[in-house]
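So you can see what is in the structure, the chains are spelled out below.
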Amino acid sequence: GLKAGNPFHCTLYQSGIMLFEQHPFEFQLDSAISEKTSTTNRLGLAQSFYKAACDCATDENFETAMFLLHQSTELSCTELLKSRLGYKSNTHSLRRLFALSENITESITELFPSSTEEEARLFDMLQRAYVDVRYKEDYAVAPDDVFTLTDRVSELLNRIEELCGVEDMETDDTISEEEDTIPD
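Residues numbered from 1 in each chain as written. Predicted model: local features only at pLDDT ≥ 70, side-chain atom pairs only at ≥ 80, totals over all residues. Heavy atoms only, no water.

*Asks:* Would you mind showing me how to read the packing of helix α5 (residues 94-101) against helix α6 (residues 117-135) here?
*Replies:* The description of two packed helices rests on the angle between their axes and on the distance between the axes. The geometry of α5 relative to α6 is characterised by a closest axis approach of 9 Å and an angle of 110 degrees between their N-to-C directions. One element, α5, and the other, α6, form an angle in the roughly perpendicular class. Residues L94, R95 and F98 of α5 form the contact with α6, whose participating residues are F123, D124, L126 and Q127. (Axes fitted to C-alpha atoms, helices over the stretch in contact; angles between N-to-C directions. Helix = DSSP H or I, 4+ residues; strand = E, 2+ residues; numbered from the N terminus. Parallel < 35°, antiparallel > 145°, perpendicular 65-115°, else oblique. Contact = heavy atoms within 4.5 Å.)

*Asks:* I tried to follow unusual backbone geometry on my own but got confused; where do I start?
*Replies:* One can expect most non-glycine residues to show negative phi and most peptide bonds to be in trans. At E60, a residue that is not glycine, the phi angle is positive and equals roughly 65 degrees. Positionally, E60 belongs in the loop between α3 (36-58) and α4 (62-85). Looking at E60, the relative accessible area reads 38%, which means it is partly exposed. Positive phi, normally seen in glycine, also occurs at S114, with a value near 55 degrees. Along the chain, the position of S114 falls in the loop between α5 and α6. For S114, a relative accessible area of 36% gives the class partly exposed. (Buried < 20%, exposed > 50% of the residue type's maximum accessible area, 1.4 Å probe, protein only.)

*Asks:* Looking at this structure, I do not really get the nonpolar core. What am I missing?
*Replies:* Across soluble globular proteins, nonpolar side chains have a tendency to be buried as a group. M66, L69, F112 and I160 are the most contacted members of the largest nonpolar core, which has 40 residues in total. Where this core is concerned, the elements lending two or more residues are α3, α4, α5, α6 and α7 (143-164). Looking at which element gives the most residues to this core, the answer is α4, with 9 residues. With residues near it in sequence (within four places) discarded, L69 still touches Y50, A53, L126, V146, L149, T150 and V153. (Core = buried A, V, L, I, M, F, W, Y, C linked by side-chain atoms within 4.5 Å.)

*Asks:* Even after reading the chapter, I still don't get the pattern of salt bridges, so can you show me in this structure?
*Replies:* Close approach of charged atoms lets side chains of opposite charge pair. Summed over the entire model, instances satisfying the criterion amount to 7 salt bridges. With a closest N to O distance of 3.0 Å, E155 and R159 form a salt bridge. Of this pair, E155 and R159 are both found in helix α7, 4 residues apart, which corresponds to roughly one turn of the helix. For R159, a relative accessible area of 23% translates into the label partly exposed. Through salt bridges with shared partners, a single ionic network connects E110, E155 and R159. (Salt bridge = Lys/Arg side-chain N within 4 Å of Asp/Glu carboxyl O.)

Set out below in structure tokens:
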């Protein structure tokens, strides 16, 4: 459980009370949790979700793009928590993941401030995309919202990669309305 970053086992190891110990052993929590190869692979997958979202947005498949942006955000935040805190989260809630990430840095939540109605609406769209895209029959998203969120998720990935010590993952596939015109 500890080597896998299981939340229960990590909490128990860090703050539990030893009731019985037959053979003493020394366990290095930091080295067991923060394997750079695993982090690179997981962030690479988050990057793949992001690139697929960009492709979908370019092809005007905005609903799928939103789902993939959520997946990229979720996976990168989950990996940040695992690599920096040893906590393996199993939630799909970006709200919860962002709150947990604030224990490491506030630079994540700065990208999604929710300080205005518009900012809150954008974050809520990304948060709800995981469920709404799949189950809400009348789900639709405006292209402008997808492009705005694509830019923010790109920056989020860059920040998380930096915090995890991963280099050269390239999130240069950011799309903007200036680059791609969408027929009305």
